[in-house]
Amino acid sequence: MIYAPDTNIDKQLLSHSHELVREAMALLRSSDHLVSALRLRDELEQERRTRRTPPAGATADLQVRRRSEQMREGEPGGHRQAQDNGGVR
């Protein structure tokens, strides 16, 4: 397809494009109160997820601490595990 410039059509298209952009910007500006509430919700959710997720390696440390607590308290699970492992963890 060969493009043949038609200044009248180009002007109409450009004018229509400008009008669409102005309308879109007006919609965005008027929806700021909705968007800011959604942003706040997303930030809070991200913060909750970050607090719930332990740092890398923390789960292994937690498991070791739990095992040693079981053994100290004399819980059967901890004692049996120590016997099964021959005292080796």
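These numbers were taken from a predicted model, which means no experiment stands behind them.

Moving on: the overall build of the chain. Counting secondary structure elements, the chain contains 4 helices and 0 strands. Starting at the N terminus and ending at the C terminus, the chain contains elements arranged as α-α-α-α. Burial analysis of the chain (89 residues in total) assigns 4% to the buried set. Approximately 8,300 Å² of the chain is accessible, and the part contributed by carbon and sulfur atoms is 57%.

Let us look at the confidence of the model for the chain. Any residue range with low pLDDT should be treated as having predicted coordinates unsuitable for detailed reading. Put simply, the chain has an average pLDDT of 77, and 65% of its residues get 70 or more. For the chain, per-element mean pLDDT is lowest for helix α4 (residues 76–84), which scores 49, and highest for helix α1 (residues 7–30), which scores 92. Throughout residues 78–82 the model reports pLDDT below 50, and contacts reaching past four residues in sequence, or to other chains, amount to 5 contacts.

A surface patch of nonpolar side chains, amounting to about 290 Å² of accessible area, comprises Val21, Met25 and Leu28. Along the chain, Leu28 turns up in helix α1.

What follows covers the pattern of salt bridges. A complete count under the given rule lists 4 salt bridges for this structure. Ionic pairing is found between Arg49 and Glu45, a salt bridge with its closest N-O pair at 3.7 Å. Of this pair, Arg49 and Glu45 both sit in helix α2 (residues 32–52), 4 residues apart, which is roughly one turn of the helix. On the basis of relative accessible area, Glu45 is assigned to the partly exposed category, the value being 26%. Residues joined in a network through salt bridges with shared partners are Glu45, Arg48 and Arg49.

What counts, and at which threshold
- The residue count restarts for each chain, going from 1 along the sequence in the order it is written.
- Whole-chain, interface and lining totals are the exception, using all residues; otherwise, since this is a predicted model, local features are given only for residues with pLDDT of at least 70 and side-chain atom pairs are given and counted only at 80 or more.
- Heavy atoms throughout the structure, all of them, feed into the side-chain values; hydrogens and water do not.
- Here a strand is any run of E in DSSP of at least two residues, a helix any run of H or I of at least four, and the numbering for each starts at the N terminus.
- Each residue is placed in one exposure class: buried if its accessible area under a 1.4 Å probe, protein chains only, is under 20% of its type's maximum, exposed if it is over 50%, and partly exposed if it falls in between.
- A 1.4 Å probe and the Shrake-Rupley method give the accessible areas. Residues count as covered only by the protein chains that appear here.
- Confidence of the predictor in every single residue is expressed as pLDDT, which spans 0 to 100.
- Contact between two residues is taken to exist if any of their heavy atoms lie within 4.5 Å; hydrogens are not considered.
- Patch rule: a residue counts if its relative accessible area is over 30% and it has no salt bridge; like charges are joined within 9 Å, and nonpolar side chains (Val, Leu, Ile, Met, Phe, Trp, Tyr) within 5 Å.
- A pairing counts as a salt bridge when a side-chain nitrogen of Lys or Arg comes within 4 Å of a carboxyl oxygen of Asp or Glu.

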